[in-house]
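A look at the structure
In case you want the letters, here they are:
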Amino acid sequence: AQSVTQPDIHITVSEGASLELRCNYSYGATPYLFWYVQSPGQGLQLLLKYFSGDTLVQGIKGFEAEFKRSQSSFNLRKPSVHWSDAAEYFCAVGPQGGKLIFGQGTELSVKP
Amino acid sequence: EPEVTQTPSHQVTQMGQEVILRCVPISNHLYFYWYRQILGQKVEFLVSFYNNEISEKSEIFDDQFSVERPDGSNFTLKIRSTKLEDSAMYFCASRAGPPQETQYFGPGTRLLVL
């Protein structure tokens with residue numbers, strides 16, 4: 001079955017610390033991979049995406065993610081977290097142009 | 001920067017009533033989607049729409065649901081007879097089409113069925 005797992009429901013990091021949010025997927029073919037962020041009261045904003053090519057992709061707001069086919073993972077990273085990064089982060093996978101399958105989401109809190 | 005818009009932002013309705021959720025996709029996009037997120041649960045796909053037809057729908061999208069693109073700009077989701085379990089955040093998304101594969105989401109409509 002196709003699925004996305006984000007093992008961490010809630011993560012708290014200190015401002016300035018590094019961040020890694022985990023995402024594992026189960027998918028029959030090589031999927032298109034996305035990370036979206038949702039701030040309170042806001043919609044889903046695209047952070048970055050991977051379709052093919054270089055497995056390390058850069059996104060907005062200083063985020064990056066690495067696609068590891070052997071581990072079926074697409075973890076999101078940021079070297080230094082800012083207080084404004086506090087939000088909920090969703091990993092999603094899907095076929096070309098098709099429906100997206102979302103993970104449960106990881107809520108990020110940032111300590112001053 | 002163009003964005004997807006949705007109205008209303010919040011809607012409260014009585015069980016059994018019909019609701020219409022409205023979306024204005026990004027203007028040159030051709031593919032349209034509805035997703036929903038029940039509180040505390042995953043975002044779930046409902047339906048995709050292209051060329052005035054449903055291209056894919058989930059098991060959730062039963063006969064109580066319908067979608068329409070009534071004019072060149074709006075994309076609507078209708079729930080004919082709402083149930084308590086329809087309470088959720090409903091997201092509209094749009095995509096330009098090949099080679100652009102990214103779906104851009106609106107801010108959502110929070111529907112509460114009493």
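Calculation criteria
Residues numbered from 1 in each chain as written. Chains lettered and ligands numbered in written order. Predicted model: local features only at pLDDT ≥ 70, side-chain atom pairs only at ≥ 80, totals over all residues. Heavy atoms only, no water. Helix = DSSP H or I, 4+ residues; strand = E, 2+ residues; numbered from the N terminus. Rg over C-alpha atoms; globule rule 2.2 N^0.38 Å. Buried < 20%, exposed > 50% of the residue type's maximum accessible area, 1.4 Å probe, protein only. Contact = heavy atoms within 4.5 Å. Areas by Shrake-Rupley, 256 points an atom, 1.4 Å probe, with all protein chains shown as cover. Salt bridge = Lys/Arg side-chain N within 4 Å of Asp/Glu carboxyl O. Buried area = accessible area lost by both parts, 1.4 Å probe. Polar contact = N/O pair within 3.5 Å; in protein donor to acceptor, adjacent residues only side chain to side chain.

Regarding its fold elements, chain A presents zero helices and twelve strands. Listing the helices and strands of chain A from first to last along the sequence gives β-β-β-β-β-β-β-β-β-β-β-β. Rg of the C-alpha trace for chain A: 13 Å, near the compact-globule value of 13 Å for 112 residues, within the 12% margin. For chain A, the C-alpha atoms occupy an extent of roughly 40 × 30 × 20 Å along the three principal directions. Per-residue burial for chain A yields a buried fraction of 47% across its 112 residues. Taking as baseline every contact in chain A between residues at least 6 positions apart, the subset at least 24 positions apart corresponds to 53%. Total accessible area computed for chain A in this model is approximately 5,200 Å², and 47% of it derives from carbon and sulfur atoms.

The tally for this structure, following the rule as stated, stands at eight salt bridges over all chains. Residue D86(B) is joined to R36(B) by a salt bridge in which the shortest nitrogen-to-oxygen separation is 4.0 Å. Here D86(B) is found in the loop between β8 (75–79) and β9 (88–95), whereas its partner R36(B) is found in strand β4 (residues 31–37), with 50 residues between them in sequence. Judged by relative accessible area, D86(B) falls into the buried class, the value being 5%. Salt bridges linked by common partners bring E64(A), E66(A) and R77(A) together as one network.

Bringing the interface of chain B and chain A into the picture now. Across the boundary between the two partners, chain B contributes 17 residues, which contact 20 residues of chain A. Where chain B abuts chain A, roughly 1,600 Å² becomes buried across the two surfaces, and 53% of that area is made up of carbon and sulfur atoms. Considering only the side of chain B, the residues that lose the most area to chain A are K42(B), E101(B) and F105(B), jointly responsible for 34% of the buried surface there. Inspection of the region where chain B meets chain A yields one salt bridge. Here K99(A) and E56(B) are joined by a salt bridge, their closest N and O atoms 4.0 Å apart. In this structure, the connection of chain B to chain A is made through six residue pairs in polar contact (both at pLDDT 80 or more). For the side of chain B that touches chain A, the secondary structure elements donating two or more residues are β4, β5 (43–50) and β9 of chain B. Among the elements that line the side of chain B that touches chain A, the one with the most residues is β4(B), at three residues.

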